[in-house]
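Single-letter residue listing:
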Amino acid sequence: MSSFASTAARAAPGGIAVALALAAVYIVWGSTYLGIRFALEGGWPPLLMAGGRFVIAGTLMFAVLRLRGEAAPTRAQWGSLAVMGLMLMLMGLGNGLVTVAEQWVSSGLAAISVASMPLWMGLFATLRGERPQREEWLGLVIGFVGVLWLNAGSALSATPQGLLALLIAPIAWAFGSVWSRGRDLPSPFMSAAGQMLCGGGLMLITGVLLGERMPASPSLKGTLAVAYLVVFGSIVAFSAYIWLLRHVRPALASSYAYVNPPVAVLFGALLAGERFSLHALGAMAVILAGVVMVTLARSRQRPPAVEPATEPAA
């Protein structure tokens, strides 16, 4: 992580550097949904797997940052990170409830559902007093029509547990992201490490209290999937995302929100034989159309800002 982040920070924001960073965010984050499915199929319990993944990644990032002279969070900052860690246990791409939901729904369907996160963020920002533009309102309406369409008649309707988990996950992510604005937080990378440590610890505790136990002999495929989620999903791709936020337009940096779901659907179809109805694919198109409108409208309102959340999508 240190080598990737330091190299990216020194590189001029040329076409090759931007393309590599976008590829990491698009492909790696899009593939984490399938990585979660493979880990679960390999015998790993959902919350212990997700919690362990984030504790390991957070510990590695924290240690490297401290060795490089980064200041540790203050006591007050740890308090904010703990609250955001609670949102991590509940929120978006590949985290807490998404991992739980993938016990019942396909990885691609989980990705489609979580694609609604920017819509909820726009709604919470509006309730907080930020006045949306006309394009944002239109995007919110279009996007939420897609959310209703997806949840009304797709395979989600046959899996109440998965439906509930995938409804709460993007809402919690969006609320945590909006809540964090203006808080006293450390640097973006240290915030990410602190969130992963707090959120991962909470997931481990919750998993133990719910009776989850580590498997005696998880499959090699499942273990490799967990390692992939730690190294690439939680460290490499997030480093690329932070670099993009500092070097390119916000609309381009946040474009992962509408690229990850189709990528996840493609990986699920090619590597896991997942099949999707026209209903689900149509709902995805409507949701992503709304997300594109909201993202572009908001990017014209304010300069790029580093999101403190670890994985805006998995």
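By the naming in an unreviewed UniProt entry, the protein chain goes by Drug/metabolite exporter YedA and is assigned to Marilutibacter maris. The annotation that UniProt attaches to the protein chain under Sequence similarities (unreviewed entry) is "Belongs to the EamA transporter family." Regarding the protein chain, the UniProt comment filed under Subcellular location (unreviewed entry) reads as follows: "Membrane".

**Student:** A description of the packing of helix α2 (residues 15–41) against helix α6 (residues 107–114) should follow, citing residues and the corresponding values.
**Tutor:** The relative placement of two packed helices comes down to the angle between their axes together with the axis-to-axis distance. The interhelical angle for the contact between α2 and α6, taken along N-to-C directions, is 135°, at an axis separation of 9 Å. In terms of their interaxial angle, α2 and α6 are classed as oblique. Between α2 and α6 the crossing geometry is right-handed. Where α2 abuts α6, its residues Tyr33, Leu34 and Arg37 lie against Ser107, Ala110, Ala111 and Val114. Along the lines of polarity and charge, the residues of the contact of α2 with α6 split into five nonpolar, one polar and one charged.

**Student:** Give a description of helix α3 (residues 46–67) that names residues and reports values.
**Tutor:** An ideal rise of 1.5 Å per residue puts 32 Å on 22 residues; α3 measures up with 32 Å between its terminal C-alpha atoms. A positive phi of about 95° marks Gly69, the residue just after α3.

**Student:** Please provide a residue-by-residue account of the nonpolar core, values included.
**Tutor:** With 81 residues, the main nonpolar core has Met61, Phe238, Leu244, Tyr256 and Ile287 as its most contacted residues. Here this core gets 14 residues from one element, more than from any other, and that element is α2.

**Student:** Could you give me a rundown of the packing of helix α7 (residues 117–127) against helix α14 (residues 278–299), with the residues and numbers involved?
**Tutor:** Viewed as axis vectors pointing N to C, α7 and α14 meet at an angle of 45°, and their least axial separation amounts to 9 Å. With respect to α14, the axis of α7 lies oblique. Every pair of crossing elements has a handedness; the one defined by α7 and α14 is left-handed. Seen from α7, the contacting residues are Pro118, Leu119, Gly122 and Ala125; seen from α14, they are Ile287, Gly290, Val291, Val294 and Arg298. For the contact of α7 with α14, the residue count by class is six nonpolar, two polar and one charged.

**Student:** Tell me about helix α13 (residues 256–272), residues and numbers included.
**Tutor:** Think of an α-helix as turning once every 3.6 residues; residues three or four places apart then point the same way. Taking 1.5 Å as the rise per residue, α13 with 17 residues should run 24 Å; its terminal C-alpha atoms sit 22 Å apart, in good agreement. Taken residue by residue, α13 has Tyr256, Ala257, Tyr258, Asn260, Pro261, Val263, Ala264, Val265 and Gly268 as its buried positions. Backbone geometry just after α13 places Gly273 at a positive phi near 70°.

**Student:** Explain the environment of Glu135 residue by residue, including any values.
**Tutor:** Among the secondary structure elements, Glu135 is positioned in helix α8 (residues 134–153). Residues Glu135 and Met293 lie 158 residues apart in sequence; the distance between their C-alpha atoms is 6.4 Å.

Scoring rules and cut-offs
Residues numbered from 1 in each chain as written. Predicted model: local features only at pLDDT ≥ 70, side-chain atom pairs only at ≥ 80, totals over all residues. Heavy atoms only, no water. UniProt positions renumbered as here; feature names shortened; annotations may be inferred. Axes fitted to C-alpha atoms, helices over the stretch in contact; angles between N-to-C directions. Helix = DSSP H or I, 4+ residues; strand = E, 2+ residues; numbered from the N terminus. Parallel < 35°, antiparallel > 145°, perpendicular 65-115°, else oblique. Left-handed = near helix turned anticlockwise from the far one by under 90°. Contact = heavy atoms within 4.5 Å. Nonpolar A, V, L, I, M, F, W, Y, C, P; charged D, E, K, R; others polar. Expected span 1.5 Å × (residues − 1). Core = buried A, V, L, I, M, F, W, Y, C linked by side-chain atoms within 4.5 Å. Buried < 20%, exposed > 50% of the residue type's maximum accessible area, 1.4 Å probe, protein only.

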